[in-house]
Amino acid sequence: MDPDLTQKSVSFNSARFLISASRLNECPPDSGAEIAFAGRSNAGKSSALNTITANGKLARTSKTPGRTRLINFFSLNREDCRLVDLPGYGYAKVSRDMKDDWQQHLGHYLNDRRCLRGLVLVMDIRHPLTDFDQMMVEWCEHNRLPLMILATKADKLKFGQAKTAMLGIAKKLENYQCLEHLIMFSATSKRGVEECREALNDWLTAS
Ligand SMILES: Nc1nc2c(ncn2[C@@H]2O[C@H](COP(=O)(O)OP(=O)(O)OP(=O)(O)O)[C@@H](O)[C@H]2O)c(=O)[nH]1
Ligand SMILES: [Mg+2]
């Protein structure tokens with residue numbers, strides 16, 4: 001076996017596109033460890049993934065919200081470890097039917113995926129904790145799934161404002177056991193990337 005596959009720590013720039021799934025039965029086998037990135041459409045999930053993996057071409061990013069419509073899986077150098085880019089929720093410009101369809105797939109994935117080790121909730125630091133975000137937090141709490149919040153696009157705020165926003169988020173979520181990491185992040189300035197990698201590594205390598 002490739003020695004890389006058995007080593008303890010994950011090298012995030014080893015990430016490679018694996019497969020896109022539009023429904024649960026198209027996902028890779030439910031084994032090993034997976035970490036999923038969720039968040040509002042346009043929040044910056046794909047950009048965060050690209051920054052974490054130091055691969056600008058890994059996940060497609062776009063100025064048009066609703067770009068990521070499938071569940072995209074990325075493999076890592078550690079055996080059976082994957083990162084997952086989930087479709088964004090709350091994109092207004094798609095039909096009601098399509099929205100329901102999407103949310104159903106997302107729901108199936110979240111409810112059925114046994115290899116899910118943690119959820120990374122990506123939110124725009126300027127618009128934190130939307131109703132959907134709150135729903136995801138509740139879902140993690142209910143299912144005892146470790147949660148990491150990336151408050152991204154921090155480069156859009158002055159540091160003082162960003163700090164205040166972080167304190168506001170922390171205060172609102174102070175009673176949630178599931179919240180393990182709350183990180184000020186920016187795909188542009190790379191703030192918080194190393195902290196995020198360390199946390200992801202811990203989740204993926206915990207047995
Ligand atoms: N300034 C700044 N812009 C960002 C940052 N992260 C993402 N963006 C921009 O925000 C837009 C949306 O980013 P994406 O990463 O495609 O967002 P997404 O959450 O994957 O969106 P969907 O796939 O539609 O759900 C793009 O124009 C990005 O360039 C950031 O940290 N700073
Ligand atoms: Mg995306």
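Conventions and cut-offs
- Residues numbered from 1 in each chain as written.
- Chains lettered and ligands numbered in written order.
- Predicted model: local features only at pLDDT ≥ 70, side-chain atom pairs only at ≥ 80, totals over all residues.
- UniProt positions renumbered as here; feature names shortened; annotations may be inferred.
- Helix = DSSP H or I, 4+ residues; strand = E, 2+ residues; numbered from the N terminus.
- Buried ≥ 20, exposed ≤ 12 C-beta atoms within 10 Å, placed from the backbone.
- Pairing = 2+ DSSP bridges.
- Right-handed = clockwise from strand over helix to strand, strands pointing away.
- Axes fitted to C-alpha atoms, helices over the stretch in contact; angles between N-to-C directions.
- Contact = placed C-beta atoms within 7 Å.

Within an unreviewed UniProt entry, the label attached to the protein chain reads Probable GTP-binding protein EngB, and the organism entered is Marinobacter koreensis. The UniProt entry for the protein chain carries the following comment under Sequence similarities (unreviewed entry): "Belongs to the TRAFAC class TrmE-Era-EngA-EngB-Septin-like GTPase superfamily. EngB GTPase family." Recorded under Function (unreviewed entry), the UniProt text for the protein chain is reproduced unchanged: "Necessary for normal cell division and for the maintenance of normal septation."

### Digging into unusual backbone geometry
Residue Asp 80 is not a glycine yet carries a positive backbone phi of 60 degrees. Structurally, Asp 80 can be placed in the loop between strand 3 (71–75) and strand 4 (81–85). With phi around 50 degrees, Leu 129 is a residue other than glycine that occupies positive phi space. Examined against the element boundaries, Leu 129 turns out to sit in the loop between strand 5 (116–124) and helix 4 (131–143).

### Remarks on the pairing of strand 5
Of all nine residues in strand 5, eight are buried; the element is thus mostly enclosed. Pairing geometry for strand 2 (residues 33–39) and strand 5, over six bridges, is parallel. What sits directly across from Gly 39, in strand 5, is Val 122. One ladder, built from six bridges, connects strand 5 with strand 6 (residues 147–152); its direction is parallel. Each residue of the ladder has a partner; that of Leu 119, found in strand 6, is Leu 147. The β-α-β motif built from strand 5, the intervening helix 4 and the parallel element strand 6 has right-handed crossover chirality.

### As for the sheet that holds strand 7 (residues 179–184)
Spatially, the seven strands line up as an open sheet ordered 1-3-4-2-5-6-7, and their pairing is mixed. Lying at the two open borders of the sheet, with one neighbouring strand each, are strand 1 (16–21) and strand 7. Averaged over all pairs of adjacent strands, the angle between their axes in this sheet comes to 20 degrees, without regard to strand direction. Helix 6 (residues 193–205) rests against strand 2, strand 4, strand 5, strand 6 and strand 7 of the sheet, and its axis sits at about 135 degrees to strand 2.

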